[in-house]
Amino acid sequence: MKPLAILILTILAFSQKIYSQENADTISNSKGLEANLPDGIVKLLAENSAQIDSLIGANSALKGLLRESQQEIEVKDREITNLNIKIDDLQNTTIKRLEASNDTLQRRLISMASNFLYIPYDEYSIEEIAIPAFLSTKGTSAYTRYQNRLPLLQNYKSDIASLVESLTQIEKDLEWGIVRNQKANEHLNNLKISPLYQRYSSYDDWENTYLGGQIQIICGLLKSPVEQTSSKLKNIRTNLERLLNNN
């Protein structure tokens, strides 16, 4: 065993000597190569090497600045996003408030226009105030909701004229007591299927309007006709005719 150990140690020592010699030769060859180059080339190599080191340093610094810029951009982007959200919320709130305010205004206009249905007919008030005010709300939800009132305003005068014409005939037919009940029932049925009655009955508060109230009185008289019914109907007709003649 001892001779074998000596042999192994000898081989290792020889290998280390060869590696040291090769390394020394490489360094020596490099220095020898530089020594063989012109001074200008050696100086240029040194300057290029220094410039490369400087560029590497500058590149590292720029990368650092780029990372900082990217982080700052991300922060600003988040701020912009948050501001846009706040702007959208503010716009939505403002729009809803304006829509609510506008809806209130439209309903008030319609209410004002509808009020003229509750007083005796006046041509100027209906034609120059009520109808234009109502039509100005066209296209709104309030107009759609209450549009069944508009025909009452637009036909107010013609409905009075139509009712006057009907009352004139009813008065004549009720003068004969023997057929009074039959004629009164016929006129009552004809009145209820007339366009005038249909327009007014489509409005939930029609009985409280001026002309609606007159229609209700007429219907009540026709349901239970008596000798005085004709004269009472004549009084209603006379008042309605006065409205037409005064306008």
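Remember, predicted model here, so these are calculated numbers, not experimental data. Residue positions are given per chain, counting from 1 as you read along its sequence in written order. Residues qualify for local features only when their pLDDT is at least 70, as the model is predicted, and side-chain atom pairs are given and counted only at 80 or more; totals for whole chains, interfaces and linings, by contrast, use all residues. Heavy atoms from the whole structure form the basis of all side-chain values; hydrogens and water molecules are not counted.

**Observations concerning the overall build of the protein**
Thinking step 1. Runs of H or I in DSSP of at least four residues are treated as helices and runs of E of at least two as strands, each being numbered from the N terminus. Across its full length, the protein carries ten helices and zero strands.
Thinking step 2. Secondary structure elements of the protein occur, N-terminal to C-terminal, as α-α-α-α-α-α-α-α-α-α.
Thinking step 3. Buried, partly exposed and exposed residues are distinguished by accessible area as a fraction of the type maximum, computed with a 1.4 Å probe on protein chains only: under 20%, between the cut-offs, and over 50%, respectively. Counting the 247 residues in the protein, one finds 26% classified as buried.
Thinking step 4. Contacts in the protein between residues at least 24 apart in sequence constitute 64% of all its contacts with a sequence separation of at least 6.
Thinking step 5. For the protein, the accessible area works out to roughly 17,100 Å², and carbon and sulfur atoms hold 55% of it. Whether two residues are in contact is decided by their heavy atoms, any of which lying within 4.5 Å being enough. Surface exposure here means Shrake-Rupley accessible area, sampled with a 1.4 Å probe, where a residue is shielded only by the protein chains that are shown.

**Notes on the pattern of salt bridges**
Thinking step 1. By definition, a salt bridge exists where a carboxyl oxygen of Asp or Glu is found within 4 Å of a side-chain nitrogen of Lys or Arg. All chains considered together, the criterion is met by five salt bridges.
Thinking step 2. Between Glu-241 and Arg-237 there is a salt bridge, with its nearest N and O atoms 3.2 Å apart. Note that Glu-241 and Arg-237 are positioned in helix H10 (residues 229-245) at a spacing of four residues, about one turn of the helix.
Thinking step 3. Judged by its relative accessible area of 26%, Glu-241 is partly exposed.
Thinking step 4. On the basis of relative accessible area, Arg-237 is assigned to the buried category, the value being 13%.
Thinking step 5. Salt bridges here are not isolated pairs; linked through shared partners, they connect Glu-171, Arg-237 and Glu-241.

**Observations regarding the side chain of Glu-171**
Thinking step 1. Locating Glu-171 in the fold gives a position in helix H6 (residues 156-173).
Thinking step 2. You can call Glu-171 buried: its relative accessible area is 8%.
Thinking step 3. In this structure, Glu-171 is in contact with Ser-230, Leu-233, Lys-234 and Arg-237, ignoring residues within four places of it in sequence.

**Details of helix H9 (residues 210-223)**
Thinking step 1. Compared with an ideal rise of 1.5 Å per residue, which puts 14 residues at 20 Å, H9 spans 20 Å between its outermost C-alpha atoms and is within 8% of the ideal.
Thinking step 2. Counting buried positions along H9 yields ten of 14 residues, so the element is predominantly enclosed.
Thinking step 3. Looking at the packing, one finds that the buried side of H9 touches H6, helix H7 (180-192), helix H8 (195-201) and H10. To estimate the expected span of a helix, subtract one from its residue number and multiply by 1.5 Å.

**Points about the packing of H7 against H9**
Thinking step 1. Every axis corresponds to a line fitted to the C-alpha atoms, with the helix fit spanning only the stretch in contact, and the corresponding angles, defined between N-to-C directions, vary from 0 to 180 degrees. Following both chains from N to C, one finds H7 and H9 inclined at 150°, their axes separated by 8 Å at the closest point. In terms of orientation, H7 and H9 fall into the roughly antiparallel class. Handedness of the crossing formed by H7 with H9: left-handed. Two secondary-structure elements touch here, H7 through Ala-184, His-187, Leu-188, Leu-191 and Lys-192 and H9 through Ile-215, Ile-218, Cys-219, Leu-222 and Lys-223.
Thinking step 2. Each residue gets one label: Ala, Val, Leu, Ile, Met, Phe, Trp, Tyr, Cys and Pro are nonpolar, Asp, Glu, Lys and Arg are charged, and the others, such as Gly, are polar. Partitioning the contact of H7 with H9 into residue classes produces seven nonpolar, one polar and two charged. Any angle that falls under 35 degrees is termed roughly parallel, while one over 145 is termed roughly antiparallel, one within 65 to 115 roughly perpendicular, and all others oblique. By definition, any crossing whose near helix is turned counterclockwise from its far helix by less than a right angle is left-handed, and any crossing with a clockwise turn is right-handed.

**Considering the confidence of the model for the protein**
Thinking step 1. pLDDT expresses how confident the predictor is about each individual residue, on a scale running from 0 to 100. On average, residues of the protein carry a pLDDT of 81, and 79% of them reach 70 or more.
Thinking step 2. Within the protein, no element has a lower average pLDDT than helix H1 (residues 2-36), which sits at 46, and none a higher one than helix H5 (residues 150-154), at 97.

**What to know about the packing of aromatic side chains**
Thinking step 1. Two aromatic rings, drawn from Phe, Tyr or Trp (for Trp, its six-membered ring), form a pair once their centres lie within 6.5 Å of each other, and the interplanar angle then sorts them: stacked below 30 degrees, edge-to-face above 60, tilted otherwise. By the definition in use, this model includes three aromatic pairs.
Thinking step 2. For the ring pair Phe-134 and Tyr-143, a centre distance of 5.9 Å and an interplane angle of 70° mean the geometry is edge-to-face.
Thinking step 3. Residue classification places Phe-134 among the buried residues on the basis of a relative accessible area of 0%.
Thinking step 4. Taken together, a centroid distance of 5.3 Å and an interplanar angle of 70° make the contact between Tyr-197 and Trp-206 edge-to-face.

**Structural notes on the nonpolar core**
Thinking step 1. Here, nonpolar core refers to any group of buried Ala, Val, Leu, Ile, Met, Phe, Trp, Tyr and Cys residues whose side-chain atoms link them within 4.5 Å. Counting 42 residues, the largest nonpolar core has Tyr-156, Ile-160, Leu-163, Ile-215 and Leu-240 as the members making the most contacts within it.
Thinking step 2. Among the elements that take part in this core, H9 stands out by supplying seven residues, more than any other.
Thinking step 3. Beyond its immediate stretch of four places on either side in the chain, Tyr-156 contacts Phe-116, Leu-117, Ile-119, Pro-120, Tyr-121, Ile-126, Tyr-200, Tyr-210 and Leu-211.

**Structural notes on the environment of Arg-149**
Thinking step 1. Tracing the backbone shows Arg-149 in the loop between helix H4 (141-146) and H5.
Thinking step 2. In this structure Arg-149 comes out as buried when scored by relative accessible area, which is 15%.
Thinking step 3. Setting aside its immediate chain neighbours within four residues, Arg-149 contacts Ile-110, Ser-114, Leu-117, Phe-134 and Tyr-203.

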